[in-house]
Amino acid sequence: MGFKILHFSDLHLGASFAGVGMPRDVASRYREGLREALRRIVDLAISEKVDLVTSGGDLYEGERFTPQLGEFLKGEFERLGEIPVFLVPGNHDPLVKDSLYNLVEWPPNVQLIRSSRLAPIPLRDGLTIWSFAHRFFSQKEPPLREFKISAEGIHLLLMHGSDTSSLPPGKEVHSPFRPEEIVEGGFALALLGHYHRVHIYPPQNPYLVYPGSPEPLGFDERKAHGIVIVEVSGERRRCEFFSIGRFSFLQERLDLSEERSYLQLQKRLKRWAEEKGGRRRVVRLSLEGQLNPDLDIDLTSLEESLQNRFFFFKLINHTYPAYDLTSLSQEQTVRGAFVRRLLQEGKGEEEIAEALIYGLQAFEGREIRQRR
């Protein structure tokens, strides 16, 4: 008889989303969306009749939790009844003294991983899970180095850590390991957390599983988000990804060089919003290209006119004025002298163009924007 596990990770309940640029009220609604994701995870565990639920760390933000969050987690895990839940503290929610993990009176089905070193938890039919807790917000020690299981049976690894062979750009390393250390250590399968993109390797009979985050948490997280259900039967492992994410992030550029009037610009943006809109979509749009110097963009007004098409909509103005340099060079003014001087410099065309645009914007008292 097989053993069925629902594995999720990196929910980051309580995240601020300050780096995304969300106002407080919008960020609060997104945080509620993360709670909705946990409700769906619990519902799925019940409907799929799993034998175990595992959380691979970063369940919440360790520096931003509230007592209400603890009560919410307790209530959701209680809904699972007799289905066990294993909680692994990660680098964002380490098992420090004042951790939320230590403040909640967890229901009997919840087992909090407390050991700072890999320790076994026997399950049934010769199946054992090995796990450890992060005790610090930064944990650099390689947990699998020279580790080897000598006992018989099927052994699974549950941990929060960095596969150094596939480190995402800019991702900080915590509890680093190499994929081959999983097999060399005697583990049939590693249930992991830390990376926010789903990764199941190899596709057939895998031994490494990152479920990714249940919902996207930034503009660099564009693919599907969800959880993984694992079935272990003897030496066979079957992993199925379930997409449960409801939100999406989109970051794009829009060239407005062809727009000759503010009305045309507004219509172009409206068409773009009609195509890309979504009530659960977080969008950051960069406006780019050369515009008539007399065409001033009112970002606030444009954002407000399109905001109701998205969960959150942010405009960034990277346009720059399209100056008539021939006419300006004929002016008998300081500005004209500036243009004539630079045009006579004879340096690289790109360099001259950049200097002219920056200088002319300064002359007019404009916000100086780089060309894109």
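What this report covers is the structure whose coordinates are included nearby. (Residues numbered from 1 in each chain as written. Predicted model: local features only at pLDDT ≥ 70, side-chain atom pairs only at ≥ 80, totals over all residues. Heavy atoms only, no water.)

Moving on to the overall build of the protein chain. Helix and strand counts for the protein chain come out as nine helices and 17 strands. Computed over C-alpha atoms, the radius of gyration of the protein chain comes to 27 Å, more than 25% over the 21 Å expected from 2.2 N^0.38 for 372 residues, which places it beyond the range of a compact globule. With respect to the principal axes defined by its C-alpha atoms, the protein chain has extents near 90 × 40 × 40 Å. When the 372 residues of the protein chain are sorted by exposure, 50% land in the buried category. Sequence-distant contacts, at least 24 apart, represent 70% of the contacts inside the protein chain between residues at least 6 apart. Taking the average place of the 49 positive charges on the side chains of the protein chain and the average place of its 53 negative ones, the gap between the two points comes to 2 Å. (Helix = DSSP H or I, 4+ residues; strand = E, 2+ residues; numbered from the N terminus. Rg over C-alpha atoms; globule rule 2.2 N^0.38 Å. Buried < 20%, exposed > 50% of the residue type's maximum accessible area, 1.4 Å probe, protein only. Contact = heavy atoms within 4.5 Å. Lys, Arg positive; Asp, Glu negative; His and termini not counted. Charge placed at Lys NZ, Arg CZ, Asp CG, Glu CD.)

In this section: the sheet that holds strand β10 (residues 189-193). With respect to topology, six strands assemble into an open sheet ordered β5-β6-β7-β10-β12-β11, the strand pairing being mixed. Two strands close off the open sheet at either side, each with one partner strand: β5 (119-122) and β11 (199-201). Ignoring which end each strand starts from, the neighbouring axes of this sheet average 20° apart. (Pairing = 2+ DSSP bridges. Axes fitted to C-alpha atoms, helices over the stretch in contact; angles between N-to-C directions.)

Another point: the packing of aromatic side chains. Tallying each qualifying case throughout the model produces 17 aromatic pairs. Measuring from centroid to centroid gives 4.2 Å for Y30 and F247, while their planes differ by 40°, and the two rings are tilted. Of the two residues, Y30 sits in helix α1 (residues 24-47) while F247 sits in the loop between β14 (236-243) and β15 (248-255), which places them 217 residues apart along the sequence. F247 carries the same exposure label as Y30, and that label is buried. An angle of 45° between the planes, with centres 6.2 Å apart, marks the rings of F77 and W106 as tilted. Here F77, found in helix α2 (residues 67-78), pairs with W106, found in the loop between α3 (100-103) and β4 (110-112); they are 29 residues apart in sequence, far enough to count as distant. An aromatic cluster is defined as three or more aromatic residues linked by ring pairs; in this entry it consists of F17, Y30, F219, F247, F249 and F311. (Phe/Tyr/Trp six-rings, centres within 6.5 Å; stacked < 30°, edge-to-face > 60°.)

The strand order across the open sheet formed by six strands is β4-β3-β2-β1-β13-β14, and the pairing between neighbours is mixed. Here the strands that pair on one side only, and so sit at the sheet edges, are β4 and β14. Within the sheet, the average angular offset between the axes of one strand and its neighbour, ignoring direction, is 20°. Two elements, strand β3 (residues 85-87) and β4, share three bridges in a ladder whose sense is parallel.

With an omega of -15°, the peptide bond between Y201 and P202 qualifies as cis. Of note in this structure, D58 is not a glycine but carries a positive phi near 55°. Along the polypeptide, D58 turns up in the loop between β2 (52-55) and α2. We note that D125 has phi near 55°; this positive angle belongs to a residue other than glycine. Classification of D125 as exposed rests on a relative accessible area of 61%.

This paragraph deals with the nonpolar core. Counting residues in hydrophobic clusters, the biggest one holds 49 residues, and the most contacted among them are L6, L13, M22, L59, L73 and F77. A per-element tally of this core places α1 first, with ten residues. Sequence-distant contacts of F77, that is, excluding residues within four places in its chain, are made with L38, L59, V85, L87, W106, P107, N109 and V110. Core analysis: the next-biggest nonpolar cluster, separate from the first, contains 20 residues, I5, F86, V88 and L191 among them. (Core = buried A, V, L, I, M, F, W, Y, C linked by side-chain atoms within 4.5 Å.)

With respect to the secondary-structure elements, F8 resides in strand β1 (residues 3-8). For the pair formed by F8 and L191, sequence separation is 183 residues and the distance between their alpha carbons is 8.8 Å. Dropping the residues within four chain positions of it, F8 is found in contact with L38, I41, V53, T54, S55, G56, L59, P211, P214 and I227.

The next point concerns α2. The first and last C-alpha atoms of α2 sit 17 Å apart over twelve residues, in line with the 16 Å expected at 1.5 Å per residue. Residues L69, G70, F72, L73, K74, E76 and F77 constitute the buried set of α2. Buried positions along α2 lie against α1, β3, α3 and β4. (Expected span 1.5 Å × (residues − 1).)

We now examine the pairing of strand β13 (residues 226-233). Summarising burial for β13: six of the eight residues are buried, a large majority. Here β13 pairs with β14 via eight bridges, running antiparallel. Bridge pairing in β14 links E231 to R238. Between β13 and β14, which follow one another and run antiparallel, lie two residues, and G234 among them has a positive phi close to 60°.

Glancing now at the pattern of salt bridges. The tally for this structure, following the rule as stated, stands at 19 salt bridges. Note that R117 is salt-bridged to E141, the shortest N-O span being 2.5 Å. Note that R117 is positioned in the loop between β4 and β5 and E141 in the loop between β6 (127-131) and β7 (154-160), a separation of 24 residues in sequence. One salt-bridge network, held together by shared partners, links D43, E76 and R79. (Salt bridge = Lys/Arg side-chain N within 4 Å of Asp/Glu carboxyl O.)

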